[in-house]
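# Residue-level structure breakdown
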Amino acid sequence: MAFVIAALALVGLLCVLDLTLTLGVIKRLREHTALLTDLNGGPASIKQGEEVGEFTAATVDGEALTRAELSDETLVAFFSPTCGPCQEKMPKFVEYVSALPGGRDRAVAVVVGKPEESAGFVDALSPVARVVRETPDGVLGAAFKARAYPLVLAVGADREGRVVVRRDQVALDRAAVAA
């Protein structure tokens, strides 16, 4: 009987030691995540509730695009032709946006990359969205703090009339009318 009690005590101590070490590892991972975020210049994009920065850009069709034009709920997406996940997500975005009421005026697609690389993306996105082609340090990327692709945001005016991010994670697998 004493052997069983000693064995249970040993197992209990090992569990407490394991729990302590696990909590220590989790704490260190959180610290490292914060350090890496700081090194990369902050979060990957603007967050829900944050105001969109001022910008003026030209679409590939030559139309002017400003922050004021995003007052109604508008989807804004950033894609890069050199990004594998972008190549997978872009067709889902096209399908989702084509079902949106309001059509092309309710979507903006930003293609980040060289013109010769981004032609396929621009051609696929142009029928369903206003498309802007820009470099990684472009005005729309700065206004939305876009540092990682693909990025799909829903923006619109808040009660004070400011253009803010309403949703920073748009599920493109759901029907557009249910969103």
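Residues numbered from 1 in each chain as written. Predicted model: local features only at pLDDT ≥ 70, side-chain atom pairs only at ≥ 80, totals over all residues. Heavy atoms only, no water.

## Quick notes on the packing of helix α2 (residues 84-98) against helix α3 (residues 115-125)
The condition is simple: Axis angles are defined between N-to-C directions and span 0 to 180 degrees, where every axis is a line fitted to C-alpha atoms and, for a helix, only to the segment in contact. Each helix is a run of H or I in the DSSP string that is no shorter than four residues. Each strand is a run of E no shorter than two, and both are numbered from the N terminus. Each angle gets one of four labels, with under 35 degrees taken as roughly parallel, over 145 as roughly antiparallel, 65 to 115 as roughly perpendicular, and the rest as oblique. The crossing is said to be left-handed when, going from far helix to near helix, the turn is anticlockwise and less than a right angle, and right-handed when the turn is clockwise. Two residues form a contact once any of their heavy atoms are found within 4.5 Å. Residues are sorted three ways: Asp, Glu, Lys and Arg are charged, Ala, Val, Leu, Ile, Met, Phe, Trp, Tyr, Cys and Pro are nonpolar, and all the rest, Gly among them, are polar.
Contact geometry for α2 and α3: axes closest at 10 Å, N-to-C directions at 15 degrees. One element, α2, and the other, α3, form an angle in the roughly parallel class. Seen from above, α2 lies across α3 with right-handed handedness. In this structure, α2 uses Cys-86, Gln-87, Met-90, Phe-93 and Val-94 to contact α3, whose residues at the interface are Phe-121, Ala-124 and Leu-125. Among the residues making up the contact of α2 with α3, the classes are represented as seven nonpolar, one polar and no charged.

## Some remarks on α3
We apply this condition: Each residue is assigned to one of three classes by its accessible area relative to the maximum for its type, calculated with a 1.4 Å probe on protein chains only: buried under 20%, partly exposed between the two thresholds, exposed over 50%. It is the directions from the helix axis to the C-beta atoms that the arc portrays.
Here α3 has its buried residues at Ser-118, Phe-121, Val-122 and Leu-125. Projected down its long axis, α3 carries its buried residues within an arc of 105 degrees, all on one side. For α3, the exposed residues set more than 90 degrees away from the buried face come down to Glu-116 and Asp-123. Those residues of α3 that are buried are in contact with β3 (74-79), α2, β4 (107-112) and β5 (130-134).

## Some details on a nonpolar patch on the surface
The line we're drawing: Each patch is built from residues that are more than 30% exposed by relative accessible area and take part in no salt bridge. Like charges join if they lie within 9 Å; nonpolar side chains (Val, Leu, Ile, Met, Phe, Trp, Tyr) join within 5 Å. Where accessible areas are quoted, they stem from the Shrake-Rupley method and a 1.4 Å probe; at the residue level, only the protein chains shown are allowed to cover. Within this document, salt bridges are pairs made up of a side-chain nitrogen of Lys or Arg and a carboxyl oxygen of Asp or Glu, the two lying within 4 Å of each other.
On the surface, a cluster of nonpolar side chains totalling about 400 Å² of accessible area is made up of Leu-10, Leu-14, Leu-17 and Leu-21. A residue is classified by how much of its surface remains accessible, and Leu-10, at 51% relative accessible area, is exposed.

## Topic: the layout of surface pockets
Basically, it comes down to this: In this analysis, the protein atoms alone were mapped onto a 1 Å grid. Cavities are point sets where a 1.4 Å probe fits without being able to get out; pockets are open sets with protein on both sides within 12 Å along at least five of seven lines; lining residues have an atom within 4 Å of a point. Grid points are joined across faces, edges and corners, and a volume is the space filled by probe spheres set on the points.
If you add up the space inside the largest pocket, you get close to 190 Å³. Forming the walls of the largest pocket are 12 residues, and the residues nearest its centre are Ser-45, Pro-150, Leu-151, Asp-168 and Gln-169. Of the residues assigned to the lining of the largest pocket, the class counts are seven nonpolar, two polar and three charged.

## A look at the sheet that holds strand β6 (residues 151-157)
The cut-off we apply is this: Following DSSP output, two strands are said to pair if at least two bridges run between them.
What the five strands build is an open sheet, ordered β5-β4-β3-β6-β7; its pairing is mixed. Taken across any chain shown, the strands that pair with only one partner, and hence form the sheet edges, are β5 and β7 (163-167). Strand-to-strand twist in this sheet, taken as the mean axis angle between neighbours without regard to direction, amounts to 30 degrees. Packing of α3 onto the sheet brings it into contact with β3, β4 and β5, and relative to β5 it is tilted by some 170 degrees.

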